[in-house]
Amino acid sequence: MEAARDMDVLRAALGESELDYFGASYGTKLGATYAELFPERVGRMVLDGAVDVSATSRELSLGQAGGFELAIRSYVSDCVQSGDCFLGDTVEEGLARIKKLLAEIDRKPLPTSGDRELTVGNAFYGIVAPLYNRSYWPLLSSALRQAIEGRGDALMELSDLYSSRGPDGYTDNSSEAIYAINCLDDPSSVPADQIPQEYAAFDKVSPTFGRVFAWGLIGCEGFVGEPAEPLEIDGSGAAPILVIGTTRDPATPMEWAETLADQLESGVLVRRDGDGHTGYNAGNSCVDEVVEDYLLDDVVPQGEVTC
């Protein structure tokens, strides 16, 4: 909420009567919050890769677990359909091979050419990072092939890219900031001894990654900051707001965009059929045209758009 108020300070400092805003991923939560706090100051607003602002931290974790499962299934399906897939002859075989690889790395980390071993945590991030962008799928294939052969360099490189780690250390504080931000939004957590009770629910939505996301519920344990004031969001009185969702988005599932568009009184849903995180400038000319017509010429779609 404080960040949304800061956005209004920037609007005022620029001498603008309204805020024109493009927010992606977590930025959609900031935009929706702004629309609730300052509906009369909303200009042309696009929320891409929308977050369900009404969901609890557990619901968001379950949603992301399902989103990444759908994304890895889409990746494996593409591999199988291309013929002679190195992961197996069927999608289920391919998913089982990836799960087996993670279990093997958990038991015995893989060597790399440097002084670090690839542990299962880095392997997980190395696998999910390329799922954010379909054009990175060939990198994921190369990294998985190498890992199956017993080397962890490529997956480690992808993991480092995800966590902003360079040759001389971390290049920003995003890994720390995400916990501070998320825990201020919702400080609820599950004690470590209760996490195994969550396995069944998370395994159901994500047989491949479910337990990683289940353990993520411990993230705000011990957080001592002052949480943000809860806010019900409908953006009543705001100008039309475009809400974009992608059908196989791993990080912000399509269902979240549908929910946010419904929650916002002036929300207009733009549905992109595709892979990867967020929909604008992702190779879909239909989405790009809708967004640019709106931002540049104030052309508001007449109802939901499917691209």
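Provided above is the structure to which this section pertains.
Residues numbered from 1 in each chain as written. Predicted model: local features only at pLDDT ≥ 70, side-chain atom pairs only at ≥ 80, totals over all residues. Heavy atoms only, no water.

**Focus: the overall build of the protein**
Regarding its fold elements, the protein presents 12 helices and seven strands. Over its C-alpha trace the protein gives a radius of gyration of 20 Å, about what one expects of a compact globule, namely 19 Å for 307 residues. Overall size of the protein, expressed as C-alpha extent along the three principal axes, is 60 × 45 × 40 Å. With 307 residues in all, the protein has 44% of them scored as buried. Put simply, the protein shows about 15400 Å² of open surface, and 51% of that area lies on carbon and sulfur atoms. (Helix = DSSP H or I, 4+ residues; strand = E, 2+ residues; numbered from the N terminus. Rg over C-alpha atoms; globule rule 2.2 N^0.38 Å. Buried < 20%, exposed > 50% of the residue type's maximum accessible area, 1.4 Å probe, protein only. Areas by Shrake-Rupley, 256 points an atom, 1.4 Å probe, with all protein chains shown as cover.)

**What about the pattern of salt bridges?**
In total, this model carries 19 salt bridges according to the counting rule given. Its salt-bridge partner being E104, residue R97 comes within 3.8 Å of it at the nearest N-O pair. For E104, a relative accessible area of 25% gives the class partly exposed. Across the salt bridge formed by D203 and R211, the nearest N and O atoms sit 3.0 Å from each other. On the basis of relative accessible area, D203 is assigned to the partly exposed category, the value being 23%. Beyond isolated ion pairs, a larger network of salt bridges with shared partners links D78, R134, R248, D273 and D275. (Salt bridge = Lys/Arg side-chain N within 4 Å of Asp/Glu carboxyl O.)

**Focus on the packing of helix α3 (residues 57–82) against helix α6 (residues 137–148)**
At a minimum axis separation of 11 Å, α3 and α6 run at an interaxial angle of 80 degrees. Considering their axes alone, α3 and α6 lie roughly perpendicular with respect to each other. Across the interface between the two elements, I72, S74, Y75 and D78 from α3 touch W137, L140, S141 and L144 from α6. Residues belonging to the contact of α3 with α6 are distributed by class as follows: five nonpolar, two polar and one charged. (Axes fitted to C-alpha atoms, helices over the stretch in contact; angles between N-to-C directions. Parallel < 35°, antiparallel > 145°, perpendicular 65-115°, else oblique. Contact = heavy atoms within 4.5 Å. Nonpolar A, V, L, I, M, F, W, Y, C, P; charged D, E, K, R; others polar.)

**A short note on α3**
Over its 26 residues, α3 runs 37 Å from end to end, which matches the ideal 38 Å to within 8%, given 1.5 Å per residue. A positive backbone phi angle near 95 degrees is found at G83, which sits one or two residues after α3. (Expected span 1.5 Å × (residues − 1).)

**Regarding the sheet that holds strand β6 (residues 267–275)**
Hydrogen bonds along the backbone pair up the strands of a sheet, which may run parallel or antiparallel. In space, the five strands of this open sheet follow the order β1-β2-β5-β6-β7, with parallel pairing throughout. The sheet terminates laterally at β1 (19–24) and β7 (305–306), the two strands that pair on one side only. As judged from the two bridges shared by β6 and β7, these two strands associate in the parallel manner. Following the sheet pairing, V270 is matched in β7 by V305. In this fold helix α11 (residues 254–263) packs onto β2 (42–48), β5 (241–248) and β6, with an angle of close to 160 degrees to the strand it touches most, β5. (Pairing = 2+ DSSP bridges.)

**Some details on the packing of aromatic side chains**
For the structure on display, the rule yields 10 aromatic pairs. Geometrically, the ring pair formed by Y34 and F38 is tilted, given 5.0 Å between the ring centres and 45 degrees between the ring planes. For F38, a relative accessible area of 13% puts it in the buried group. (Phe/Tyr/Trp six-rings, centres within 6.5 Å; stacked < 30°, edge-to-face > 60°.)

**As for a negative patch on the surface**
A contiguous patch of negative charge, built from E289, E292, D293 and D297, is present on the exposed surface. Residue placement: E289 occurs in helix α12 (residues 285–297). (Patch = residues over 30% accessible without salt bridge, like charges linked within 9 Å, V, L, I, M, F, W, Y side chains within 5 Å. Lys, Arg positive; Asp, Glu negative; His and termini not counted. Charge placed at Lys NZ, Arg CZ, Asp CG, Glu CD.)

**Here's the deal with unusual backbone geometry**
Non-glycine residue T278 carries a positive phi angle of around 75 degrees. Relative to the elements of secondary structure, T278 occurs in the loop between β6 and α12. What makes T278 buried here is its relative accessible area of 16%. The backbone of D298 sits at a positive phi, close to 60 degrees, despite the residue not being glycine.

**Examining the layout of surface pockets**
Of the voids in this model, the second largest pocket is the one considered here, and its volume is about 380 Å³. As for the second largest pocket, its lining consists of 16 residues, and the residues nearest its centre are L102, V120, T208, R211 and V212. Secondary structure elements with two or more residues in the lining of the second largest pocket: α4 (91–107), α5 (120–128) and α10 (210–215). Considering each element in turn, the lining of the second largest pocket owes the most residues, five residues, to α4. Within the lining of the second largest pocket, the residues separate by chemical class into eight nonpolar, three polar and five charged. (1 Å grid on protein atoms, 1.4 Å probe; cavity = no way out; pocket = protein on both sides within 12 Å on 5 of 7 lines; lining within 4 Å. Points joined across faces, edges and corners; volume = space filled by probe spheres on them.)

Remember, this is a structural readout, not a statement about activity or role.
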